[in-house]
Amino acid sequence: MESKLNYRRLGKSGMMVSEIGMGLWAAGGDAWGETDDQKILDAVDYALDAGINFFDTADVYGGGHSEELLGKAMQGRRDKFIVATKIGWFDFDGEKGQSAYTTVEKLIAGVESNLRRLDTDYVDVIQSHIDFRDPTMEVFLEGFQQLQRDGKVRAYGVSTSNFEYLQAFNADGNCATLQIDYSILNRTSEADSLPYCQEHNIGVIVRGALAMGILTGKFTPETRFSEGDFRARWHENPDEYEIFLDDLKKVEALRPLADGRTLAQLALQFVLAHPAVTTVIPGVKNVAQMDANLKAGLLPPLTEAELEQIAAIVPAGGGRKIWPA
């Protein structure tokens, strides 16, 4: 398949990445309902053939299974992949929100575990997966810098929606990437994090562009999620269910704007329209989903008029933060 995708520079890392990437959270098989390893591997093959070169995973996705699966996919063709992974969201044997990486030595050993699961001797981007409450930021920075000097990581960054934490992580000006939740339903980062990244040459990796699937337009108030899908809590918590219903109303208002594209493609194109954004990493379970995401990068970009219509539904800087970090 001849690639017509656009590529963008990933901040000060200098790496050129496809503006449509592949997120591998669902590949872990433990948070988004049932998945099939072979279908994930087929989707990776399809992505590569289409020119996609950016793949994002983390140590905690499926307890490491997502990284292992990506490692299997890379065998014999590591050079075709730009791989970003994460570390630190929680200790496999500890409590959520409490980093086990209290020393540089532990952090380096942890990243070496990432590398073993990925079956590679280096990772292109390593990201801190902890939020602003964790006291070990300096450990992560020192460890990442040592790993970079040793050639085990090419660049490093942070995954957070907290602007103050981003600023602190980039205090020395060497943070190369930010991964952040950003979508039509969550435009809050337009006020601070996105302009900051433009100013400081930080590449922006967007997660959550489909707002956990809400912006695909396939959900209704009656939608129920399978066992093992963390979104099932939307119906279990009255406050979350009210938010879900409000989001669905916004989706219905957006539906007429799709006009020749799917709602999901509209949502991905919206994210790519922001000049700070480098790449977007929607989750994928199969080739059909990969193909639909890919087409968002092949369609004509949104016009100013279309962006103004979206802003009439969710104003610039508005919406709600979908993820806490």
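This section reports on the structure supplied with the text. (Residues numbered from 1 in each chain as written. Predicted model: local features only at pLDDT ≥ 70, side-chain atom pairs only at ≥ 80, totals over all residues. Heavy atoms only, no water.)

1. Regarding the packing of aromatic side chains
Spelled out, the test is: Two rings from Phe, Tyr or Trp (for Trp, the six-membered ring) form a pair when their centres are within 6.5 Å of each other. A pair whose planes differ by under 30 degrees is stacked, one over 60 is edge-to-face, and the rest are tilted. We count a stretch as a helix when DSSP gives it H or I for four or more residues in a row; a strand needs E for two or more, and each element gets its number in order from the N terminus.
Within the structure shown, the criterion is met by 11 aromatic pairs. Pairing Tyr 101 with Phe 140 gives two aromatic rings, centres 6.2 Å apart and planes at 85°, and the pair type is edge-to-face. Placement of Tyr 101 in the loop between strand 5 (82–87) and helix 3 (104–118) and of Phe 140 in helix 4 (residues 137–149) is noted, with a sequence separation of 39 residues between them. With a centroid separation of 5.5 Å and 80° between ring planes, the pair formed by Phe 163 and Tyr 196 is classed as edge-to-face. With a gap of 33 residues between them, Phe 163 in helix 5 (residues 163–169) and Tyr 196 in helix 6 (residues 193–199) connect regions that are remote in the sequence. Three or more aromatic residues link up through ring pairs in this structure, and these residues are Tyr 101, Phe 140, Phe 144, Tyr 156, Tyr 165 and Phe 169.

2. Some words on the pattern of salt bridges
Operational definition: The salt bridge definition used is simple: a Lys or Arg side-chain nitrogen within 4 Å of an Asp or Glu carboxyl oxygen. Buried, partly exposed and exposed residues are distinguished by accessible area as a fraction of the type maximum, computed with a 1.4 Å probe on protein chains only: under 20%, between the cut-offs, and over 50%, respectively.
Under the definition given, this model contains 12 salt bridges. Between Glu 19 and Arg 8 there is a salt bridge; the shortest N-O distance is 2.9 Å. One end of the pair, Glu 19, is in the loop between strand 2 (16–18) and strand 3 (22–23); the other, Arg 8, is in strand 1 (residues 7–9), with 11 residues separating them in the sequence. For Glu 19, a relative accessible area of 5% puts it in the buried group. Taking relative accessible area as the criterion, Arg 8 reaches 23% and is therefore assigned partly exposed. Asp 56 is paired through a salt bridge with Lys 86; the nearest N and O atoms lie 2.6 Å apart. A residue pair is termed long-range when its members are at least 10 positions apart, and Asp 56 in strand 4 (residues 54–56) and Lys 86 in strand 5 qualify at 30 residues. Across the pair, exposure class does not vary: Asp 56 and Lys 86 are buried alike.

3. A word on the packing of helix 1 (residues 37–50) against helix 10 (residues 287–296)
The condition that has to hold: Axis definition: a line fitted to C-alpha atoms, over the contacting stretch in the case of helices. Angles run 0 to 180 degrees between N-to-C directions. Our angle categories are set so that under 35 degrees counts as roughly parallel, over 145 as roughly antiparallel, 65 to 115 as roughly perpendicular, and the remainder as oblique. If you view the pair so one helix is near and one far, a crossing is left-handed when the near helix is turned anticlockwise from the far one by less than a right angle, and right-handed when it is turned clockwise. By the convention used here, residues are in contact when the closest approach between their heavy atoms is within 4.5 Å.
Packing of helix 1 against helix 10 leaves a shortest axis separation of 8 Å and a crossing angle of 30°. With respect to helix 10, the element helix 1 is oriented roughly parallel. As helix 1 packs across helix 10, the resulting crossing turns out to be right-handed. Between helix 1 and helix 10, the residues in contact are Asp 42, Ala 43, Tyr 46, Ala 47 and Ala 50 and Val 287, Met 290, Asp 291 and Leu 294, respectively.

4. Description of the sheet that holds strand 6 (residues 123–128)
How we decide: Pairing between two strands requires that DSSP report at least two bridges joining them.
The strand order across the open sheet formed by 8 strands is 3-4-5-6-7-8-9-10, and the pairing between neighbours is parallel. Strands at the two margins of the open sheet, each flanked by one partner only, are strand 3 and strand 10 (277–280). Across the sheet, helix 4 lies against strand 5, strand 6 and strand 7 (153–159), angled at about 160° from strand 7, the strand it touches most.

5. Concerning a negative patch on the surface
Spelled out, the test is: Patch building starts from residues that exceed 30% relative accessible area and form no salt bridge, then joins like charges within 9 Å and nonpolar side chains (Val, Leu, Ile, Met, Phe, Trp, Tyr) within 5 Å. What sets the accessible areas is the Shrake-Rupley method with a 1.4 Å probe; for residues, cover comes only from the shown protein chains. None of His or the chain ends enter the tally, which takes Lys and Arg as positive and Asp and Glu as negative. A single reference atom marks each charge: NZ on Lys, CZ on Arg, CG on Asp, CD on Glu.
The grouping of Glu 34, Asp 36, Asp 37 and Asp 42 at the surface amounts to a negative patch. As for its position among the elements, Asp 42 is in helix 1.

6. As for the pairing of strand 7
Note the cut-off: We call a crossover right-handed when, viewed with both strands directed away from the observer, the connection leading from the first strand over the helix to the second proceeds clockwise.
Buried residues dominate strand 7, accounting for 6 of its 7 residues. In the sheet, strand 6 pairs with strand 7 via 5 bridges, with the strands oriented parallel. Opposite Gln 127, over in strand 7, you have Gly 157 as the bridge partner. Here strand 7 pairs with strand 8 (residues 177–181) via 3 bridges, running parallel. By the bridge assignment for strand 8, Gly 157 is matched with Thr 177. In the classification by handedness, the crossover that spans strand 7, the intervening helix 5 and the parallel strand 8 is right-handed.

7. A few points about the nonpolar core
Note the following rule: Among buried residues, the Ala, Val, Leu, Ile, Met, Phe, Trp, Tyr and Cys ones that are joined through side-chain atoms within 4.5 Å form a nonpolar core.
Of all hydrophobic cores here, the largest spans 90 residues; its most connected members are Met 22, Phe 55, Phe 81, Leu 107, Phe 144, Phe 169 and Ile 214. No other element matches the 8 residues that helix 9 (residues 263–272) contributes to this core. Once you skip the residues sitting within four places of it in the chain, Ile 214 turns out to touch Leu 185, Phe 219, Trp 234, Phe 244, Asp 247, Leu 248, Val 251 and Arg 320. Counting residues in hydrophobic clusters, the runner-up holds 11 residues, among them Leu 10, Val 17, Ala 176 and Ile 281.

8. Some points on the environment of Ile 20
Summarising the element assignment, Ile 20 is placed in the loop between strand 2 and strand 3. Classification of Ile 20 by relative accessible area gives buried; the value is 0%. Residue contacts for Ile 20: discarding those within four places in its chain leaves Leu 5, Ile 52, Leu 272, Thr 279, Val 280, Asn 293, Leu 294, Ala 296 and Gly 297.

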